Each structure stands twice: as structure tokens, then as C-alpha cells.
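# Coordinates in review
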Amino acid sequence: MTQKPIRKAVFPVGGLGTRFLPATKAMPKEMLPVVDKPLIQYAVDEAREAGIEQMIFVTGRGKSAIEDHFDISYELETTMSDRGKSLDAIESTRFAPGDVVYVRQQEAIGLGHAIWCARHIVGDEPFAIFLPDELMVDSPGCMKQMVEAYARVGGNIVCGYEVPADQTDKYGIITPGKVDGPLVEVTGLVEKPPRGTAPSNLMIPGRYILQPEVMRVLEGQARGAGNEIQLTDAMAQMIGTQPFHAYKFGGRRFDCGDKAGFITANIALALDREDIGATVRAFIAEL
Ligand code: G1P
């Protein structure tokens, strides 16, 4: 099957980040670093690795640090070059003009609404979505694995990840159908089901490949869980009209929207590093 390639990715980054106050009062939560790289950069790197060319950020007030991060910093670059220092560390923050697009979500009224704000830029082609709070670690990366699966089955694919039953009320949850290796047919989707009502333990960890029709569905989407316009509800309406699968991710996942998850991610990725891994390991052993 030949599928239209996935060229565009949407990054909803308009959220207030109230769970990380006071750190996120003036700084976007997406700029919180895991070791030495902001969360948003991990998501963008994962998109690039998957062959995605155009990055669409749905931003809000107070998020200009993200725009600056993906821009040229003349002072920094000139000073570093003059001192003979390598610019490798900021290489992946660079884009060709026009490959980074910003659209403003004026009110934070849900993930579904944030995605819908990008409808004119996404246009009539399939696209990816990354929730940068969710740090997905594997090689190849999560989205590259999903794009490969997409080349086989097309349609809509959400990432799937198993969590303990006492966590299912925090996420979008999948009703699984037929299983074919890592691909699971999606027969239902529910956002934040009350405890004890979840159809499975398979949650959606913030990676999606969706057909553009989802934008039409979002157009008329009523508010759902938390009185927000939910992407999960719009996706649920597409089941049956187009192929819909979950791709079970086998790598490591860190929910960096959560303080414990964020600290865990920093420890895990620090331990992986050649430059600081041994020092951090020794400290943990001492603890
Ligand atoms: C969002 C989505 C949810 C998904 C989660 C992943 O929820 O609505 O379906 O499972 O991200 O982190 P939020 O964390 O914005 O409440």
C-alpha cells in the first residue's frame, strides 16, 4: 500500500504547566530540561528522525522562549565561533526558513481545540502529533517506528503503552481488538475513564498519526472530560470510517508532566550518558 507521507507534525505547547509551578511561572514547561536538552527538543528530534519536515507549534501567551529556541541566536553563535567553540550542541535547533510555523491558541480549552487551531496549516494531508510532556526513548524513535507501521496499514495510528490499572483514569484509554504483533486494532477510545471503568490498561502516550478528516470532526466536537474539547473524543468518532490501530511501544516512556516522572527521566537519561553517567551512578549507589 502506498500512503501519503507524514510531512507535518503538530506540537501543542499552549498549556499553562500549573503542575510545575513556580518553575513554569515565566518559563514554558516544554523548556524544562532533561539533562541538557529541553523537552520540546526531544520531541522535535524524534519528529525529524521520522522524516517529518514541517513543525507546527500551537502556542499561547508566555511561550516565546520556544520561538527563540528554534531561531538563530546571533550573539551566542558569534561569540562561540570567535572563541573557536563548536556549535554542534545547537545544530538541531536550526531549521530552514518556513519549516517552523507558529499558531496561537487564544484559550486553553483542550487538546482537541489546540489541534484544530492548526487545521489551515495541516491542510489536506495526514499528520503527526507529539505531546512533548511525554518523553519516549528508543532507537529508532517512537515516531519512526509508528511511521513504518503506517506505511503498512495507513489510516490512523495512536501509540499505545500499558500502565498499571490505578493510572488509567489520567489518560486516553484504548479498547483493543485484533492483535497483529505490535499493531492492535482500536475498537474504542475513552478519555480519562473513572476508576474501575477502563476498557484496558493500554493508554495513549501522546504520539499520533491522524488523517486530516479529524479536523472536520473537531469542528463540531462538544466538550468532554474536564469540560475540555478532547482529541480522544474526536478520534473515537472516526473508528469504523477509517482504519484505526494502536502501535504498542516497547521502549521507555517518561511522563514528564508529572514531577516524579520528570525526575525519573533525568536520572535515567543521565545514567545513559558517557560524560556524566558514572558520576551520577556513583552518587545513587551512595544514596
Ligand atoms: C492528554 C490526552 C490523553 C493522553 C495524555 C498523555 O491528556 O488527552 O489522551 O493519554 O495527554 O500524556 P492530558 O495529560 O493533557 O490531561
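Residues numbered from 1 in each chain as written. Predicted model: local features only at pLDDT ≥ 70, side-chain atom pairs only at ≥ 80, totals over all residues. Heavy atoms only, no water.

## A closer look at the nonpolar core
Counting 36 residues, the largest nonpolar core has F11, I40, I52, F57, F130, M143 and M146 as its most contacted members. Here the element with the most residues in this core is helix 6 (residues 142-153); it accounts for five residues. With sequence-adjacent residues up to four places away left out, I52 is seen in contact with I6, R7, K8, A9, A47, A128, F130 and M143. I56, A118, I174 and V186 belong to the second-largest nonpolar core, a separate cluster that totals 31 residues. (Core = buried A, V, L, I, M, F, W, Y, C linked by side-chain atoms within 4.5 Å. Buried < 20%, exposed > 50% of the residue type's maximum accessible area, 1.4 Å probe, protein only. Helix = DSSP H or I, 4+ residues; strand = E, 2+ residues; numbered from the N terminus. Contact = heavy atoms within 4.5 Å.)

## Quick look at the site of the ligand
Around the ligand lies a shell formed by L111, L131, E134, Y171, G172, E191, K192, I204, Q230 and T232. At 2.7 Å, a side-chain N or O of K192 approaches an oxygen atom of the ligand. The contact in question runs from an oxygen atom of the ligand to an N or O atom on the backbone of I204, over 2.6 Å. Per-class residue counts for the shell around the ligand are four nonpolar, three polar and three charged. (Near = heavy atom within 4 Å. Polar contact = N/O pair within 3.5 Å; in protein donor to acceptor, adjacent residues only side chain to side chain. Nonpolar A, V, L, I, M, F, W, Y, C, P; charged D, E, K, R; others polar.)

## Structural notes on unusual backbone geometry
At the junction of L21 and P22, the peptide bond is cis and its omega measures out at 5 degrees in the coordinates. Position of P22 among the secondary structure elements: in the loop between strand 1 (8-12) and strand 2 (33-34). Going from S139 to P140, the amide bond is cis rather than trans, its omega being -5 degrees. Secondary-structure assignment places P140 in the loop between strand 7 (134-137) and helix 6. The backbone of V35 sits at a positive phi, close to 60 degrees, despite the residue not being glycine. Mapped onto the fold, V35 is located in the loop between strand 2 and strand 3 (37-38). A relative accessible area of 25% means that V35 is categorised as partly exposed. The phi angle at K192 is positive, at roughly 45 degrees, despite the residue not being glycine. Residue position: K192 is located in the loop between strand 10 (183-191) and strand 11 (202-203).

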